Amino acid sequence: MKKDSYKVAVVGATGAVGNMMIKVLERRSFPVKDIVLLASGRSSGRTLEFNGREHPVLELKESSFEGVDIGLFSAGGSISAKFAPCAAQAGCVVVDNTAHFRMDPEVPLVVPEVNPEQIANYTVKNIIANPNCSTIQMLVALKPIHDVAKIKRIVVSTYQSVSGTGKDALEEMLLQSREMANKIDWTKEDGLNKLWTGLKPFRKVDTNVYPHRIAFECLPHIDVFMPNNYTKEEMKMVWETGKILDPTIKVTATTVRVPTFFGHSESVNIETEKKLGAQEARELLRKAPGVKVLDDPSRNEYPLTALAAGEDFTLVGRIREDESIDKGLNIWVVSDNILKGAALNAVQIAEILIRKYL
């Protein structure tokens, strides 16, 4: 017999994504009978608000999932590796936001606007994987184009905000920015020249999170380097696109960390089997689920991270034909990496799960 409400656990509840998951559950009126907020022992004693009430944060244990229907995990890969199987064994369906289960052939990897039918396969391990944030927004934008014109190749460059690394990275960027700004006397005529000549010493600004300074800099380095000299973040986009959308699509990626606070941007170039004009692509995207088109160059209208902040939709603009090939398109894709890139995608999966399968 179908339930009217569900017991939901949020693992990593005190983190940025876990906190956003709680807010999204509330905002979308997910039928929560009881919410269990779980984190490390350091967070025990804290409370978080949900639906107007304060709820205690409990220490995550192997026994935490008794009677829990759905577990939203976002506490790191090692935590998911240890505790997601425990939750699944207890009868809880896990929606995992880490990379740990994404490429497991027995675990569905789902973007609700792209391959919601894969949720049906959760029964193999009682686990569903949330894709990488940069993959999610790209595929939300590309799915309607692929359905009509069949994409052969994707070349993507990402411009990913510091929030994707976490709170420590945000603090480091702010500290470095202040340190650099305070060393330049802008009131003097030679201030700009000093900035120019002073960049060399700024290479020595203290760094803890990233291997180089992130303030006023772009780092073409997200996650570890692989034997093929791609980073793991770049290969995630390759692997996940094949699993979610179409394994025949050729993908190459360059992922870059940029000194913005929230929101990831992507320059996406695609080659299709069928020629698709920019206006036709624009109309397809206007009708696509989860997409908002902002594309009016005459008014300087295009997606920005400031516009994506707090926005459920993936923003798409700068839609134009690639003049270097016969069947190519360029698009610019921006999304809130904490919201759609993580928390919202997980809750959308849970919504389909209770509507169709539980």
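Keep in mind it's a predicted model, so treat the numbers as computed, not measured. (Residues numbered from 1 in each chain as written. Predicted model: local features only at pLDDT ≥ 70, side-chain atom pairs only at ≥ 80, totals over all residues. Heavy atoms only, no water.)

(A) Highlighting the overall build of the protein. Check the secondary structure of the protein and you find nine helices and 13 strands. Whereas a compact globule of 358 residues would reach a radius of gyration of roughly 21 Å, the protein reaches 22 Å, a difference of no more than 12%. Dimensions of the protein along its principal axes, counting C-alpha atoms only, are 70 × 55 × 40 Å. The buried share among the 358 residues of the protein stands at 51%. The long-range share in the protein, meaning contacts at least 24 apart out of those at least 6 apart in sequence, stands at 69%. (Helix = DSSP H or I, 4+ residues; strand = E, 2+ residues; numbered from the N terminus. Rg over C-alpha atoms; globule rule 2.2 N^0.38 Å. Buried < 20%, exposed > 50% of the residue type's maximum accessible area, 1.4 Å probe, protein only. Contact = heavy atoms within 4.5 Å.)

(B) How the structure looks around the packing of aromatic side chains. Enumeration according to the criterion identifies three aromatic pairs in this entry. Aromatic side chains Phe65 and Phe73 sit 5.6 Å apart centroid to centroid with 15° between the ring planes, which places their arrangement in the stacked category. Between Tyr159 and Trp332, the aromatic rings sit 5.5 Å apart at their centres with planes inclined by 45°, giving tilted as the arrangement. Of the two residues, Tyr159 is situated in strand β8 (residues 151-160) and Trp332 in strand β13 (residues 328-335); the sequence distance between them amounts to 173 residues. Given a relative accessible area of 32%, Tyr159 falls into the partly exposed group. (Phe/Tyr/Trp six-rings, centres within 6.5 Å; stacked < 30°, edge-to-face > 60°.)

(C) Fine view of the pairing of β13. Within β13, seven of the eight residues are buried, leaving the element largely enclosed by the surrounding structure. Note that strand β10 (residues 264-272) and β13 share eight bridges and pair antiparallel. Paired with Val268 across the strands is Ile331, a residue of β13. Bridge count between strand β12 (residues 314-321) and β13: five bridges; the pairing is antiparallel. In the sheet register, Leu315 faces β13, and the bridge partner there is Val334. What sits between the antiparallel neighbours β12 and β13 is a turn of six residues. (Pairing = 2+ DSSP bridges.)

(D) Layout of the sheet that holds strand β3 (residues 47-50). Strands sit in the order β3-β4-β2-β1-β5-β6-β7 across an open sheet of seven strands; the sheet is mixed. The outermost strands of the open sheet, each flanked by one partner alone, are β3 and β7 (127-129). Strand-to-strand twist in this sheet, taken as the mean axis angle between neighbours without regard to direction, amounts to 25°. Inspection of the sheet shows strand β5 (residues 70-73) paired to strand β6 (residues 93-96) by four bridges, in the parallel sense. By the bridge assignment for β6, Gly71 is matched with Val94. Against the sheet, helix α1 (residues 16-27) engages β1 (6-11), β2 (32-39), β3 and β5, with an angle of about 25° to β3. Helix α9 (residues 339-357) contacts β1, β5, β6 and β7 of the sheet and is inclined by roughly 165° relative to β5. (Axes fitted to C-alpha atoms, helices over the stretch in contact; angles between N-to-C directions.)

(E) Geometry of the environment of Val110. With respect to the helices, strands and loops of the structure, Val110 is situated in the loop between β6 and β7. The spatial distance from the C-alpha of Val110 to the C-alpha of Ile136 is 8.8 Å, given a sequence separation of 26 residues. Filtering out sequence-adjacent residues up to four positions away, Val110 remains in contact with Asn115, Pro116, Gln118, Ile119, Ile128, Ala129, Asn130, Pro131, Asn345 and Ile349.

(F) Spotlight on the layout of surface pockets. In this model, the largest pocket occupies a volume close to 1,100 Å³. Lining the largest pocket are 39 residues, with Val17, Ser163, Gly164, Thr165 and Gly166 positioned closest to its centre. Breaking the lining of the largest pocket down by element, the ones donating at least two residues are α1, α4 (167-182), α6 (232-244) and α9. Top contributing element to the lining of the largest pocket by residue count: α1, with three residues. Contributing to the lining of the second largest pocket are Gly12, Thr14, Gly15, Ala39, Ser40, Gly41, Arg42, Ser43, Glu59, Leu60, Ala75 and Ile79. Class assignment of the residues belonging to the lining of the second largest pocket gives a composition of four nonpolar, six polar and two charged. (1 Å grid on protein atoms, 1.4 Å probe; cavity = no way out; pocket = protein on both sides within 12 Å on 5 of 7 lines; lining within 4 Å. Points joined across faces, edges and corners; volume = space filled by probe spheres on them. Nonpolar A, V, L, I, M, F, W, Y, C, P; charged D, E, K, R; others polar.)

(G) Representation of the nonpolar core in the model. Membership of the largest hydrophobic core comes to 52 residues, with the highest contact counts inside it found for Phe65, Ile154 and Val268. When residues in this core are grouped by element, the largest group, eight residues, is from helix α3 (residues 133-149). The residues touching Phe65, leaving out its near neighbours within four places in the chain, are Ala9, Val11, Leu38, Leu60, Phe73, Phe83, Ala87, Ala90 and Cys92. Grouped together as the second largest cluster of nonpolar side chains are 37 residues, Leu25, Val32, Ala343 and Val347 included. (Core = buried A, V, L, I, M, F, W, Y, C linked by side-chain atoms within 4.5 Å.)

Treat this as a map of the structure, not an account of what it does.
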